[in-house]
Amino acid sequence: MTIEMSPKDMLTLKTKITADLQKEDGLYYRVKNRKARAGVWTSFSFVAIKETAEHLCYSDNSFVCCNKCLIVYQYRSANGTTIMSKHSCPPAEINQVMTATATRRDATTSEKKLITVALANMCAVDMRPFYIVKGTGFRNYTQTVLNIGVNSKVGMLVDNILPDPTTISRNVQMRSNAGREILTAALKAHLAEGIQIGSTTNIWTDDINKVSFLSVTVHFIDDEFTLHHRTLACSPFPGPHHGCDVLEKYEGVLQKFGINRYDQVTVVTDRGSNMHSADGIPSLYGWIPCCDHIISTILTTIIDKRTRMVEGKKSALFYEFYHLALELFDTIDQFKALVTYVKQANLQDEIAKTLKQENATRWNSALRCMISVDEALPELTEILRARGRGLVSKVNKIDHELLKEFIAFLVPFQEATLALEMFAEPTIHRVLYFRQNLLKHCQVVAADITIKEKDGTITTLKKDSPAFIALKPKFAELIREKFIWSDIHVIAALLNPKTKCRLDKFGIDSVDIELGQKNLENMMKDHMIGSGIGKRSVPSHKRKKEDSRRVVRRLAEYSSESDSTIEEKPLADDVQLDFSLRTELNNYICHRCSDDESTLLSKYGVLFWWKIHQNEFPVLSRLARSVLTIPASSAKSESNFSDAGNTMSKKRNLLHPSKLDDLMFLRSMLMSSTVQIRVPPITES
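Okay, so let's go over this structure. If you're wondering where the values come from, they're calculated on a predicted model, not measured in any experiment.

### A short note on the environment of I449
- Note on placement: I449 falls in strand β13 (residues 449–452).
- The exposure class assigned to I449 is partly exposed, which follows from its relative accessible area of 39%.
- For the pair I449 and K463, spaced 14 residues apart in the sequence, the C-alpha separation amounts to 7.5 Å.
- Not counting residues up to four positions away in its chain, the partners in contact with I449 are T459, T460 and L461.

Listed below in C-alpha cells is the structure:
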C-alpha cells in the first residue's frame, strides 16, 4: 500500500506513526527484517499495517522504526542502513512519560512513605515550599530520574548523575539561544505571509538589587489559527527611561528576532508618559492603551485617597469625592481598620476564613479584602463581643448593607478586568462590549426594577443608595473620558461573527459602523496576498503622512483613504479585485450564524470559527489573524514581572540579569500550551 502526500506532511506522519506504535490497539505494528544481515536490524523493524499486513510505504521507500524509542525513518534498500546506523535514542524531554521498555507499576505504601520523608527533609533543609511537588518542572525532573533508574537496572549514586550548578546554568543559556533561533525563524515566516503581530511591553524594577528590566512579549496567530504568546525579553534596562530610550530598547529587542517592519506590529502598553510619548513607541509602531490599566485608573481615581500640594507642601491623604458619599468612604476606612486590628490582635486563627490583605497597587485586592470582611462579619461580631471592652464597635461602625452594595458595584469591573487580561485567547474583539456594559452598570437606579429573565425567573434590581446615586455619574463620566475606543476595536468587533451586526448596542453609531466597515475593506487589500484572489497591480491610493499622535496610526491611515488624492485611474484588474473584496465582505456581513455555529463560537472561540470558514472568506480570515492577535491589555508583561520577582528572590539575589532573561525566555517556551514551537533538549558534550 502506498500513501501519497506532500513533503510538508511527512514529518507529521512519522510523528503520528510513532505515537500509534505505542498503542496496543493502534493501526500499525512492527515486523522484523528476517532476511537482513546487517547488525543494525537487531534494533530496527519495518512498520506494517495491521489491517493488510503490508509494509507501510511512501513512493519507493519503506518505513522503519527504532525498537526502543519508536522513532520512524524512511528506508530504501538501495541506500543501505546508514541512516539507521547514525540513530541514537533522544534524551529525556519535558513532559516525558515512562519509557516504552519500562514495566509500569504503582508505588508501594512503604515507598511512598520514604519519598514523603525525603521530600519533607528537602523542604526543611533547603527551605523549599511544600508546593514544589506540584510544579511541572519538578515532576518532569522526577520522572526523568525514575526512567533512568529503571533503564539502568542497577543502583546509582546521586553524585554520579547530578550535574554541577554551572553546567545547568550553561544548559539554560544554550537552550534559550537555540529557542530564540527557532522563534526567530517562525516569526520571520509569519511576517513574510503579510500577517501582523501584537506585542506588549513594560518596565519593572526588582526590589532587591534595584535593577530595571524591560519586558517584551509577542502575540501571533499561525495558519492553523492557533494564538501563540511568547516572552521575547525580560532584559536589564539601565540608564534613563524616557520615551525615546524605551523605543530604542524595544526596537532592538524586536530586531534580534527578525521583526524589522514597523507597520506589522501593534503595541499595547499602559499610558505612562515614557510609553506613549510623541518620540516614543507610537512614533514608529501602532499603539493602543491597555484596557486593564484604564479600568484601574477609573476606579482608583474615585475610591483611592490622594494628596495635593498646598503652598509647596503635600497635604494629608483625602478622598477627592468624599463630599458626595461620605457614608461610603467612611465604610471603606472602617473595614480597612478592622482588617488591620484583626491582624495585629492575631485573630486570624479564630475565624473560619482568613481576611485578605489589600495591596495598595491593585484595586481588585481591595475587592477581595471587602468580600472576605463581608463573609467574616457575623463571626467577627461574636468574637469581638466576647472579648468585651467595646471592641464590637469596630464592626458596628461598618455599614454592612452599603458594603454589600459596594461589592456588587465592583464585581462587573472585576469581570471586565479578568476577561480582558487573558492572553491565551483573543480579547480585543470584546473591548466594546465590556465598555458598554460598564456604562450601563453605572446608570442610576432611582427605584426598584422588576426584571424577567429569559428562563422566566423574576429578579428585582434594588434602587441605589444615596451614595451611589451621587457617585455613579462620576464613574460614567470617567469611563467616557478615559475608556476611549479606537478604530481597531470596531474592526475587531466586526470580525467577531456574533457581534458584527450588533455594534449599535455597544454605543457605536451608524456613521462609525459604516466607517469601520470601510476600514475593514481597505485593510483587506493589504491581506489578499496568498489568499487566492491575487495582488493589486497598481496602487490606486496615495496614503497621507502618518500621524504619530493617533492611537492607532495605521487605522487612521485607512480611514483617511477616501479623502486622499487619487493619482491614477484604477485598471480593470483593480476594479475586479475591489469587487471581489467587497463581495466577500458583504457576504460575511450578511452571514447569519446558525445555532450550531453559535454553539461552536461559545465553546471553541472566534478563532475556531475563522478556521472552519477560511475557504469561504479567504481574505477576511487572514485579516482576522492580524487583528485578533492584538491583546486588549499588557497583562502578559505584567505576568512576566510576577514570575521575574519569584525568580529574583532574596535567596537568589546574585542571579545575573542576563541569566534572568534566559530563564524567562525558556520558561515562556516550555510552559506554552501550543506545541508547534518547542526548544530542543540540548546537552553539553
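### What to know about the nonpolar core
- Ranked by internal contacts, the top residues of the largest apolar core, which has 58 residues, are L328, L338, F406, F413, F475 and F483.
- Excluding residues within four positions of it along the chain, L328 makes contact with L402, F406, A467, F468 and L471.
- Counting residues in hydrophobic clusters, the runner-up holds 40 residues, among them F225, L432, L623 and L628.

### Description of helix α13 (residues 466–482)
- The end-to-end C-alpha distance of α13, which contains 17 residues, comes to 25 Å, matching closely the 24 Å that a straight helix rising 1.5 Å per residue would cover.
- Considering bend angle alone, the principal kink of α13 is centred on K472 and spans about 25°; proline P473 follows within four residues of it.
- Residues of α13 that are buried include every one of A467, F468, L471, K472, F475, A476, L478 and I479, and no others.
- If you follow the buried residues of α13, they end up packed against α7 (291–303), α8 (326–344), α11 (400–420) and α12 (431–441).

### Describing helix α5 (residues 165–192)
- Its 28 residues place the ends of α5 41 Å apart at the C-alpha level, agreeing with the 40 Å of an ideal helix rising 1.5 Å per residue.
- Packed against the buried residues of α5 are β6 (197–205), β7 (212–221), β8 (227–236), α6 (243–256), α20 (618–627) and α22 (657–671).
- Looking at where α5 begins, the residue whose side-chain oxygen comes 2.9 Å from the main-chain nitrogen of T166 is D164.
- In the segment just after α5, G194 is the residue with positive phi, at about 90°.

### A few points about the layout of surface pockets
- In this structure, the second largest pocket occupies an estimated 860 Å³ of space.
- Together, 25 residues line the second largest pocket, and H441, L461, K462, D464 and K472 are the ones closest to its centre.
- Elements supplying a minimum of two residues to the lining of the second largest pocket: α11, α12, β13 and α13.
- Take the lining of the second largest pocket: its biggest share by element is eight residues, from α11.
- Per-class residue counts for the lining of the second largest pocket are eleven nonpolar, four polar and ten charged.

Reading the values: the criteria
Residues numbered from 1 in each chain as written. Predicted model: local features only at pLDDT ≥ 70, side-chain atom pairs only at ≥ 80, totals over all residues. Heavy atoms only, no water. Helix = DSSP H or I, 4+ residues; strand = E, 2+ residues; numbered from the N terminus. Buried < 20%, exposed > 50% of the residue type's maximum accessible area, 1.4 Å probe, protein only. Contact = heavy atoms within 4.5 Å. Core = buried A, V, L, I, M, F, W, Y, C linked by side-chain atoms within 4.5 Å. Expected span 1.5 Å × (residues − 1). Bend = angle between axes of the 7 residues up to and from the residue. Polar contact = N/O pair within 3.5 Å; in protein donor to acceptor, adjacent residues only side chain to side chain. 1 Å grid on protein atoms, 1.4 Å probe; cavity = no way out; pocket = protein on both sides within 12 Å on 5 of 7 lines; lining within 4 Å. Points joined across faces, edges and corners; volume = space filled by probe spheres on them. Nonpolar A, V, L, I, M, F, W, Y, C, P; charged D, E, K, R; others polar.

Purely geometric numbers; function is a separate question.
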